Amino acid sequence: MSIQIKSVIVGTAGHIDHGKSALVEALTGTHPDRLAEEKRRGITIDLGFAFLEEDGVRFGFVDVPGHEHFVSNMLAGAAGIDLVLLVIAADESIKPQTREHFDICRLLGVTRGVVALTKSDLVDADMSGLVRLEVEEYLRGTFLERAPIIPVSAKTGTGLAELKKALNAVAAEVSGKDETRYFRLPIDRAFAMKGFGTVVTGTLISGSIRAEDEVELFPGGRRLRVRGVHSGGKAVERAIAGQRTAVNLAGIDHADVSRGMTLAAPGHFRTTRRVDARVTLLPSARKLKHRARVHFHAGTAATIAEILPYGGGILAPGQSPLVHLRLQDNLLLLPSDRFIVRQFSPVTTIGGGVILDSLARRPTLRDTGRAAFLETLESGKREEILEAMTERAHLGLAQEEIVARTCWFDQEIRKTAQSLAASRKIKIVSAEPLVLLGRKAFDEVRRKVAERVERFHKENPLSPGIAREDLRASLGKRVRAEIFRAALEELAAEKKLEVQGEQVKRAGAEITLQPEEARAKEQIEQAFSGAGLAAPAVQEVLAKLPVEARRAEKLLQILLREKSLVRVSPELIFHRDALAHLKRQLASHKKTKGEHISVPAFKELTGITRKYAIPLLEYLDRERVTRRQGDERVIL
Ligand SMILES: Nc1nc2c(ncn2[C@@H]2O[C@H](COP(=O)(O)OP(=O)(O)OP(=O)(O)O)[C@@H](O)[C@H]2O)c(=O)[nH]1
Ligand SMILES: [Mg+2]
């Protein structure tokens, strides 16, 4: 077993030609420039990578171009860095891209770094001291205020040992990325490698990855198999968050993968074109009008976005308002992701921010609670966030939706939901799959259900209760099945409603008959009991009643439900007593004349016509009083 080596990603930053790449080479032995054009022009165009192991720390260097035309490449590299190596040439001091790169680091939330005063072999001590003062002045009040400033020379080697020591000291303070969370790798390169096929590289910002894992490629959602994983220039069993990582993918052509795409754990996330965020506009920026278009960079991806500040109006320099961003392309963005915005034209970095709601809705005037909601997402505890999220999901919030919006694990979601439900802040309308509803919305559904049942009783006094499906339908399509079921269950548990099979009634609801209804009901029953097996035609009985047809029908239903009357066939109804008598007759027939009885014998025994005898026998068969055997019946 090997001791886990700490992995730290160092990003260079600084003006063109200030010696970033030369310094990376001096530190690691690898010149990060790879492209022929870079070698020919002597400048860095795209990202370069190199590694250094020093005192138990594995440094992955991401070397960026200083040229102002290639800031978008720089942004793709800067996205995953743990600490910045700010490179300032001692003979030139602070220049425009020194400022821009440093602004970008600040806006991306980089919190640590080291300053290298390069080309120190080209200046004397006075000049060196002067530049140091300028740099100190520039960094005052920033995250690099107390960072070491080390004069170095890639040419003579001066200061390199001290710089390595400083990098180690800062690396020790880096808390690092969380390898226990969902896997996510923003892709910065994709290429074909002979004998391997498609390889993508990036800084692993979360989770871990190993061969044979399944991953999802965003945007597009293709599921792919990982053939192998490289890190730090060699094959590894597993790469973890914080490492430069190369992933060999099966089942995809390298031309179908490019910088800006993301590999992530499969089945959890969705790309987005609308996000809500907190954005900071640099003091040096021009103000932005409502719906201004900007270049948007997050992770290794870039697109164009429209910015709509909440509260309307313009976005002023130096401010940090809540905004809605409408993206031109679908990107995989998650809460807490940082991004950079650049002016549309001329292109300069003007601000940056952090994603709060990665699956935001289109802003509407009606949605007045959005700002408060975003503030909760920004600084609330997990319970507060889930409560606020649930409250805003009027149709219910499902587990998969919560994962996609929070990156929380299932267990974390369940635990949080249970604790919120215990304090009656939300309702768990279904445990498997987990579906949540805000307590207010749920109480509203409950109120409606109870009200509908109440109204049903009022409008249908002769009915015992409303059919479950009718009740559900009366609530409209927006109430999903789980919510309806949970409302019924809760109302039943509180003894407010009674659910009997497919019927729902107010607890203890009894049918109360008007005097004329009671009389009519008795009349029906008498008509049947008096007739014995010579049962009367139903419609004739009902027609003679003192109540109108609809109520008469209900009264008949009540008698059937009470089982005073029994429906033997669609047309035939008998009184309970008549059937009981018949069963006794059959029993005595069996005793005296044996268990067989023919249809004619049955007709004789009961004194009824064939028209009644056949349905009655079939009824008795169903009731397992008799069993058909050829033309005869066996009495059971
Ligand atoms: N004398 C001297 N020359 C240096 C030193 N470091 C770099 N140089 C030279 O400065 C030039 C630019 O160096 P690079 O390392 O390419 O500069 P860079 O910051 O990477 O430039 P971009 O990537 O294009 O932004 C090269 O010709 C280097 O040889 C140094 O410490 N001393
Ligand atoms: Mg360079």
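Residues numbered from 1 in each chain as written. Chains lettered and ligands numbered in written order. Predicted model: local features only at pLDDT ≥ 70, side-chain atom pairs only at ≥ 80, totals over all residues. Heavy atoms only, no water.

Participant: Give a description of helix 17 (residues 576-593) that names residues and reports values.
Facilitator: With 18 residues, helix 17 should cover 26 Å at 1.5 Å per step; its first-to-last C-alpha distance of 25 Å lies within 8% of that length. Buried within helix 17 are the following residues: Ala-578, Leu-579, Leu-582, Leu-586 and His-589. Burial along helix 17 is one-sided: seen end-on, the buried residues are contained in an arc of 95 degrees. Facing away from the buried surface of helix 17 by more than 90 degrees, the exposed residues are Arg-584, Lys-591 and Thr-592. With its phi angle positive at about 95 degrees, Gly-594 sits one or two positions after the end of helix 17. (Helix = DSSP H or I, 4+ residues; strand = E, 2+ residues; numbered from the N terminus. Expected span 1.5 Å × (residues − 1). Buried < 20%, exposed > 50% of the residue type's maximum accessible area, 1.4 Å probe, protein only. Arc of directions from axis to C-beta.)

Participant: Could you give an account of the site of ligand 1, naming the residues involved and the relevant values?
Facilitator: In the vicinity of ligand 1 there are 19 residues, among which Lys-20, Ala-22, Thr-44, Gly-66 and Asp-121 approach most closely. Here Gly-19 contributes a backbone N or O atom positioned 3.0 Å from an oxygen atom of ligand 1. The side chain of Thr-44 places a nitrogen or oxygen atom 2.6 Å from an oxygen atom of ligand 1. Taken by itself ligand 1 offers 640 Å² of open surface, and the protein chains cover 79% of this. Taken together, the residues that form the shell around ligand 1 break down as six nonpolar, eight polar and five charged. (Near = heavy atom within 4 Å. Polar contact = N/O pair within 3.5 Å; in protein donor to acceptor, adjacent residues only side chain to side chain. Areas by Shrake-Rupley, 256 points an atom, 1.4 Å probe, with all protein chains shown as cover. Nonpolar A, V, L, I, M, F, W, Y, C, P; charged D, E, K, R; others polar.)

Participant: Describe the nonpolar core, listing the residues and the values that go with them.
Facilitator: Grouped together as the largest cluster of nonpolar side chains are 47 residues, with contacts concentrated most on Leu-249 and Leu-263. Ranked by the residues each element gives to this core, the list is headed by helix 8 (residues 382-392), at four residues. Every residue in contact with Leu-249, bar those within four places of it in the chain, is listed here: Thr-198, Val-200, Val-215, Leu-224, Arg-225, Val-226, Arg-227 and Leu-263. (Core = buried A, V, L, I, M, F, W, Y, C linked by side-chain atoms within 4.5 Å. Contact = heavy atoms within 4.5 Å.)

Participant: Which residues make up the sheet that holds strand 24 (residues 434-438), and what are the values?
Facilitator: With respect to topology, three strands assemble into an open sheet ordered 22-24-23, the strand pairing being antiparallel. Lying at the two open borders of the sheet, with one neighbouring strand each, are strand 22 (397-398) and strand 23 (426-431). The pairing of strand 23 with strand 24 spans five bridges and is classified as antiparallel. In the strand pairing of strand 24, Ser-430 is matched with Val-435. Sitting on the sheet, helix 8 touches strand 22, strand 23 and strand 24, and the angle it makes with strand 24 is about 80 degrees. Each of strand 23 and strand 24 touches helix 11 (residues 439-459); the most contacted strand, strand 24, lies at about 85 degrees to it. (Pairing = 2+ DSSP bridges. Axes fitted to C-alpha atoms, helices over the stretch in contact; angles between N-to-C directions.)

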